Structures are given as structure tokens and as C-alpha cells.
Amino acid sequence: MKVSPKAEEILEALWIATEEEGENAAHLSTLGVGPEDEALAELDRLAYIEISGDRVYLRKEGRPEARMTVRRHRLAERLMMDILDVKGGEGNAKACELEHLLHQGVDTKICTLLNHPTTCPHGKPIPPGRCCEEARSKGAVGVVALTELKAGEGGEIAYLATGDSRKMQKLMSMGVLPGTPLALRQTFPSFVFQVGNSQFAVDQELAREIFVRKG
Amino acid sequence: MKKSSPSTAGGHPKVILVGNPNVGKSVLFNALTGAYTTVSNYPGTSVEVSRGFCDLQGSRFEILDTPGMYSLMPITEEERVARTILLEEAPHLVLHVLDARNIERMLPMTLQLIEAGLPVALVVNIMDEAERLGMSIDTELLQEKLGIPVIAAATARKRGVQEIRDLIGSHAGQPRAVFGYAADLESDVRRVANHLKGDYRLSTRSLALLLMQRDAEIDSLVAKVEGAGYAQVVEAVNAVVFERRVDLHLRISLERKRICKGLLEAVVRQRPLTGLSFAERLSGWTMNPWTGVPILLAVLYFGLYQVVGGFGAGTIVDFLEGTLFEEAINPWLEGLGDHYLPWEWLYELLVGEYGVLTLGVRYAVALVLPIVGTFFLVFSVIEDTGYFPRLALLVDRIFKRIGLNGRAVIPMVLGFGCDTMATMVTRTLETNRERIIATVLLALAIPCSAQLGVILGLLSGVPGALAVWTLCILVIFLVIGFLAARVLPGEQPMFYMEIPPLRLPQIRNVLVKTLTRMQSYFLEIFPLFIFASVLLWAGKMTGMLEGLVGAMAPLMQVLGLPAEAAAAFIFGFFRRDFGAAGLYDLQTSGLLSPVQLTVAAVTLTLFVPCIAQFLMMKKERGWKVSLGILVFVSLLAFAVGISLNRMLLWSGLLS
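Residues numbered from 1 in each chain as written. Chains lettered and ligands numbered in written order. Predicted model: local features only at pLDDT ≥ 70, side-chain atom pairs only at ≥ 80, totals over all residues. Heavy atoms only, no water.

Overview of the overall build of chain A
Here is step 1: A count of helices and strands for chain A gives nine helices and nine strands.
Here is step 2: Taking the principal axes of the C-alpha coordinates as reference, chain A spans close to 65 × 35 × 30 Å.
Here is step 3: Of all 215 residues assigned to chain A, the portion counted as buried reaches 52%.
Here is step 4: For chain A, contacts bridging at least 24 residues in sequence account for 64% of all contacts bridging at least 6.
Here is step 5: With the model as given, the accessible surface of chain A reaches about 10,100 Å², and the carbon-plus-sulfur share is 52%. (Helix = DSSP H or I, 4+ residues; strand = E, 2+ residues; numbered from the N terminus. Buried < 20%, exposed > 50% of the residue type's maximum accessible area, 1.4 Å probe, protein only. Contact = heavy atoms within 4.5 Å. Areas by Shrake-Rupley, 256 points an atom, 1.4 Å probe, with all protein chains shown as cover.)

Written as C-alpha cells, this is what we have:
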């Protein structure tokens, strides 16, 4: 059942409030809607939510839809920022528009294209879809940003996703070239990785632009 | 270190040292020329070209040490400096120095140098550490494959230096080997190179490759040389770039990597290693925040507090100042003065209260030099272990908050030695925004070692005072940095840094480096000390000093300090450590309560930079910015002093 974009936004906010911030409900004012809101009524009709006074509860029936909405939003962010290179406020705004179009399998295709990412560019988790579970059970090797690896993991550098040619040149001259094996040593406070017999430290912004084929 | 412009030294054949950062070019330069240029375990120590001479078999050679570069296509200012040398000089020999452990990563640059038609020889350096890692490198086979001389060396251990000397003396001829890229890339290169008709130092093949990678500097060089033919070159380059529609830089890098892989086959053998060495494990601990912060605190405690504060500012100063000057030299000088100097003004100028000999020389030699010297010693030891890059990655996140990045750790730490030197080093930061923020923070919240030594000595007698002082300075540092990052517009800097292995410092290098730094420090500040004591003398003779002290009395009153403290603040104008030392005199005569002492120490630490630092700020940042910083820092120092005084009195802390 496809709900309206406005209703999707409400579901998303409810999911974040209840699942990630540990609340049991969200206030109408935090959702930014009035009690007579149409989208709210739509969700109420579908029995996805329960309204009690000025508090809105996410019902069990609404959870799968809310989960997938958050997933689509964060996939859209990844697509915008990693592949289309639209960053910052504009990237966020465009992702908000794009997410409402990712239905009927488009989300699965994008998720596969992005190699089943597990976090959004802001570091929040992307709820896994069926395609992610399948890829995991088949043991598919994914290409992920360095920020998605854990310390001690490694792989082969797949590509560098930076749009800035100077940055790209810097990385390449340090020996960070596609096809080179890389081992991640630590992730906090900076990313430290080893290429050949040398160790390098980079910040999170740069680490996000190095993509590694996990192995 | 001998330095001269290219024109005056044109007579001798030139040998140019090139290579990645931190591979030991400067060590080799020192070994060849017998000169000293600063060497450390920190990438990017050399930021300019050093020139020296080397006499071999009756002829003289000029040796040029260049800043590290990662490839023939420069990104940073230092790399540009290094390449300009290759573009402008006509070398007898180019020595490419590389790190044996990373030969696979660094060999592509050898290819680029050969390709450019330069007379190259390869020095495979740091062989000792590579062998310890279980690597063996067959340099004879590599020499055969590359077609250029290859020498295995460990220059820090003097290994291979004689062979390099022999090579410089005897080398002649050009490399002949040509390494082919994939056919399609080769035809692209030819397409561009065919249009290059002018006379260049580097081969047209090499220039064509650089043009295809959009090297702006080469582009304007070609435009100048080709004149009318330039349009055709541009057309060819654009056509190639458009047809490929991929990043040619990446393509070319991958091709070079493929060639190097082939070259190194059967040359490099790696024996499997078991377990991590102690140095590697220690390296991991320094970078992990849980263990890294305690290690940092230990380094600060032992390095700064014990050695600089305890030994330098305590033991050595007590001996020089207390025993040597107070008991022997000064009474003797005063005696001489009583005898031979009947004119009061001259007596006062030379041996009086603010006399050049009794105050200027005493402060410079007995008080400041031992403290700064021990600081430089500790700094050199830490620098050579390779600890600073690890500190940089540890503090990067915090430094980003204050508008800097981890790379700024070097000027900041150096500031604890001498803020004037540190202000000069802010030049190495990438953006103007970072340079201004670093300059402000150095002027405000980083006490230099002389000041720090005296302050540690002063406050350690009063329980709690040191903690209050540390907390105040730390909070001011972070808050002002945070606000400066908000106020000043600009891009967030990127942080990337090579982490060199931890090494045991070599005593000789540490000592030479410490002495070189002390020497330049002494040459720079000694005249200022004399200048400052002459000014103070003039002030005393004309009564201006008393007037100034009187004028500052109300301010001292607001700060809750005795009127005499004004003299310490006025000293502070001339040298920050003068100010701290003035405080020391007040403390020993028992004029200050714990609260007063803490307030005075905090205010003085934050207060105006010394005259030398101010002049350096002016030189690096210009009048407008440096005057702005001066006014801001003075106002803030007194505002903080006044509020701290109120807070301490109100809370009853320390009293």
C-alpha cells in the first residue's frame, strides 16, 4: 500500500523518534502537523499509527512501512552524495524529494548499485532490505567506503569517489590506487590504514571517498 | 648550510636529490656535503631547497636537496618548489632517493624521471629497516632492468654513502631504457608530443603526459615556448582527453603501477613475518585514544614538566642564575662599575638595575637559554621518534572544531618552545584561515618555554594554583579557537598524513639539531634582550618607567595585584618571559598571595606577545591583522584576569 509523501515523512519521523531515540511516541509539534492533518488521518485510517491527545504512537502494523520509508530516504541520500556528488544542504533537499520515487523495486536496484550500504552519509543506520539479506547469505563481496569497515578489516581498493582532482591526485600519489590491497588499522579518532609498508591517517571526509572491495 | 642563488653557483656540476617525503634525502645531503640541514622523522621537514658542495676526485659538485614530492606532478607548494628545480637546472645527476620498504609505491617516480630524459640514478634507502621487515631487494637485477645505476643504502647508518660518492664522481651518460605504456596510451602520447617543437629541459614525451593530466604550470610553460603552435597542442590534448572520457591521471598511474610490478618481479622477495614488533605495538598504542591520551600525558609530564620545568628551569637556572650570576658575576661587574664608571648614566646602562650586562645578559644566558635549550632537546627527541604525526591524528577531531586540522599540531607544540618560531612555521598550514587562527592562538594561549618554565616554578609552590592556571588557559584556547572558527569564513581543511614508523632517535642528530635551533634562537633573541634592557634603562633614567608603572596602577588594582606587578607587565611587552621573570622577582620578595599569583600568571600568559613575536606576526600576516590580534589579545587578557580575580575571591578558592 503506497502512502502519500507527506505521510511518509511522518512515518519517518516516528521511526526515528521511537526506534533510534528511544521515545515511545512523538509529539504533534515535533512532527510538524496539526491534529486535523490529512496525512495523519490517512495513516490513522491504515491503522499505522495511533493518536492520543497530542501524542502520536507508531503501531505494530505501521512499523514495516515506516522502516522501509527510512530506508528509502537514506538510500536516496547515499545516491545523491556518493554517486551524483550533490552534497551539503542541496544534497539533503534533493534526497528528500527523490526518496518518494523509490518504490516498486527501484529501491532494491539502487541498494544493489550502491552495494548494500549500511549507513547513510550522516552515519545513521540504513535498515537492511531483502536484497541486503540475500547478498549477505550468498556471501557477496561488497564495495564499501572505508568508513563502513571495522578496524582490522581490509580489502582491495575499488575506486576513489572524490570529485576534487587535487584530492584524488594526493591519494593516488600516496599509493592509494585501485587494485592495491589496504588494511584498516583504526577508525577513531582518525582513520589509519596501511598500504604496502606505509601507514596513513586520513579524516572521515577523505575516508568516505575511498571505496574498498571487502576481502 | 651554504646557500646561494643558481646564477652565482652556475659553475659546478649539479647533483639534485629528489624523492618522496621522509625517505632520508636530507640525511644523504648532510653526509655528502658535511653541512647540516634539519633532519627529522616528520614528513615535510625541508620546505625549501638547500645547496651545499661536495669535493670528489679533485672536482667540486654542487648538491641540491629538494623538499619531498610524491610525483612529477606537484600539488603542494613544496612539491612545486622541488619540480621547479628540475625544470630550470641542468643537472649532472639526479639522485632519486626512495624508501626500500615502499619501493613498489615509490618506483613510479623513477619511471617518470627516466621518461623525462633526466640523468637519473636510484638510491634504495632505508635498506636496514626493510631487511628487518623480511624484505630482500636484488638491486643488481633492478639496475639491469631499469638501465640506470641502482645503489642499496642506509644513509643514516652511513651504508652506501661511499658508493654514491663514487657514482657522482664517475657518472656520465643518459638513461636509455624506455618503458612502454599500453598501445592506445602510447599513440595518445605521440599525438600530443608531435606538436611540441620547442626546446625543453624535460623530454616531450614526459611533457605530453603532464599536459594530458592537465598540469597548469606545464601548460603555461608550453604556451610560452611554442607561441603560435600552442593552439595545436591544446587541440591535441583536448581531443585526447575527450576521446578517452576517463581520468587520464588515474589511467597513467595504473599503467605505471603495472610496469613497476613487472620490474620488481624477482627483485623483491618478502619473507613471511610472525607477530608484531614492539615498535609496531607501541605505535598502535600511541594512536588509540584510550592508550594514546595517557601516553600524551606521560610525554607532557616527563618531557615538559620534569625535564624542562624541573631540570631546565630548576637545576640549571638555579645554578647559572643563583650561583654564577648573583654570587659571582654580578657583584664582580658592579665592583668594576663602582671603580671605573663614575658617570651614573653609564653605570646604570651597563650594570645598574636594568643594566645591559646585569639584566640583559643575565636573563638571556642564565634564565631563558637553559629553559629554551632543554625544550629544544626534548622537542628534537620526540620529533625524531616520529611521535608528532601520531599526535596529529589523535587531536585532528578537536583541532577541526577550532578551525584547524591535525597538521597544525607542529606549530602549536613548537609554540611551547618559542612562539616566535612557531608563528613562522604557521606558513606550512594550507589555508590563510588556518594560518590566522593558529597565529591568534599562539599569541594568546600558548605560553613559550621560558615563560612556562618560570610559571611552573612559581605556581608549583602553591597547591591548586597550577590546576587553576592550566584549566583557564585550556578553556581560553578551546573557546577562542571555537569562536574564531565560527567568525572566520572558509573551507574546512582536509587531514591526511603519512605515519612514519617509530624510531629510536640518534643521539648525534638530536644534539646537532638542538644546537642548531639554540643557535638560531640565541642569534635572534640576544640582540632583542639588549635592546629591551636599553629601552628599560632609558625608561628608568627619564622617569618614564615610573610614570608607566604609575599609570598602570589602577589596572593592577582592578586585578587585585600590588602596584609593583605593573613592572612585570611592562617587561612583558619586551619579552613574555621577561614578564614571567619579573613575577618571579616579586614572588621571591614575598609580595604575592596565592590568588594574586594565579591571577597574575594567567593574565601574563594570555597577555600581549613579546616584541619578537609581534614583529614576526607583522611579517607573516601584515600590519592590519597583527595589530588587530594585538588589541584583541590585550583586552581579553585583562578581562579574563579581572573575572578570574573576582571568581577566586568570591569562591574562596586558593585563599
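The rest of the description comes next.
What about the domain arrangement of chain B?
How big an interface is tends to be expressed through the accessible area that disappears when the partners come together.
Here is step 1: As assigned here, chain B comprises domain 1 (14-170), domain 2 (183-270) and domain 3 (289-651).
Here is step 2: On a C-alpha basis, the centres of domain 2 of chain B and domain 3 of chain B stand 52 Å from each other. (Domains from an automatic or database assignment.)

Notes on a nonpolar patch on the surface
Here is step 1: Residues Leu471, Val475, Val479, Phe482 and Leu483 of chain B make up a contiguous nonpolar surface patch of roughly 430 Å² in combined accessible area.
Here is step 2: Looking at valine 479 of chain B, the relative accessible area reads 41%, which means it is partly exposed. (Patch = residues over 30% accessible without salt bridge, like charges linked within 9 Å, V, L, I, M, F, W, Y side chains within 5 Å. Salt bridge = Lys/Arg side-chain N within 4 Å of Asp/Glu carboxyl O.)

Points about the sheet that holds strand S3 (residues 55-58) of chain A
Residues and elements named next belong to chain A.
Here is step 1: Taken in spatial order, the three strands make up an open sheet running S1-S3-S2, and their pairing is antiparallel. On the outer flanks of this sheet lie strand S1 (26-27) and strand S2 (49-52), each paired with one strand and no other.
Here is step 2: Two elements, S1 and S3, share two bridges in a ladder whose sense is antiparallel. From the neighbouring strand, histidine 27 faces S3, where its bridge partner is arginine 55. (Pairing = 2+ DSSP bridges.)

What to know about the sheet that holds strand S8 (residues 198-202) of chain A
Here is step 1: Pairing within the open sheet is antiparallel, and its seven strands lie in the order S4(A)-S9(A)-S5(A)-S6(A)-S7(A)-S8(A)-S9(B). Bordering the open sheet on either side are strand S4 (143-145) of chain A together with strand S9 (496-499) of chain B, each of which pairs with just one other strand. Pairs of neighbouring strands in the sheet enclose a mean axial angle of 40°, with direction left out of account.
Here is step 2: In this structure, strand S6 (residues 181-186) of chain A lies alongside strand S7 (residues 191-195) of chain A, joined through three bridges in antiparallel fashion. Counterpart to alanine 183 of chain A in the pairing with S7 of chain A is glutamine 194 of chain A. (Axes fitted to C-alpha atoms, helices over the stretch in contact; angles between N-to-C directions.)

Concerning the interface of chain B and chain A
Here is step 1: Between chain B and chain A, the contact holds 34 residues from the first and 31 residues from the second.
Here is step 2: Here chain B meets chain A over a buried area of about 2,900 Å², counting both sides, of which 58% is carbon and sulfur.
Here is step 3: Connecting chain B to chain A are two salt bridges.
Here is step 4: Measuring nitrogen to oxygen at the nearest pair gives 2.8 Å for the salt bridge that ties aspartate 203 of chain A to lysine 400 of chain B.
Here is step 5: Joining chain B to chain A, the criterion identifies 13 residue pairs in polar contact (both at pLDDT 80 or more).
Here is step 6: Residue composition of the side of chain B that touches chain A, grouped by class: 18 nonpolar, seven polar and nine charged.
Here is step 7: By the bridge criterion, four bridges tie S8 of chain A to S9 of chain B in an arrangement that is antiparallel. What sits directly across from glutamine 199 of chain A, in S9 of chain B, is isoleucine 499 of chain B. (Buried area = accessible area lost by both parts, 1.4 Å probe. Polar contact = N/O pair within 3.5 Å; in protein donor to acceptor, adjacent residues only side chain to side chain. Nonpolar A, V, L, I, M, F, W, Y, C, P; charged D, E, K, R; others polar.)

Observations regarding the domain arrangement of chain A
Here is step 1: Partitioning chain A into domains gives domain 1 (5-64), domain 2 (68-137) and domain 3 (143-214).
Here is step 2: The C-alpha-based centres of domain 1 of chain A and domain 3 of chain A are spaced at 40 Å.

Remarks on the packing of helix H21 (residues 465-487) of chain B against helix H26 (residues 594-606) of chain B
Residues and elements named next belong to chain B.
Here is step 1: Viewed as axis vectors pointing N to C, H21 and H26 meet at an angle of 30°, and their least axial separation amounts to 10 Å. Considered as vectors, H21 and H26 are oriented roughly parallel to each other. Our pair here, H21 against H26, has a crossing hand that is right-handed. Between H21, through Ala465, Val468, Trp469, Cys472, Ile473 and Ile476, and H26, the contact on the second element is made entirely by Thr598, Ala601, Val602, Thr605 and Leu606.
Here is step 2: Across the contact of H21 with H26, the residue classes tally to nine nonpolar, two polar and no charged. (Parallel < 35°, antiparallel > 145°, perpendicular 65-115°, else oblique. Left-handed = near helix turned anticlockwise from the far one by under 90°.)

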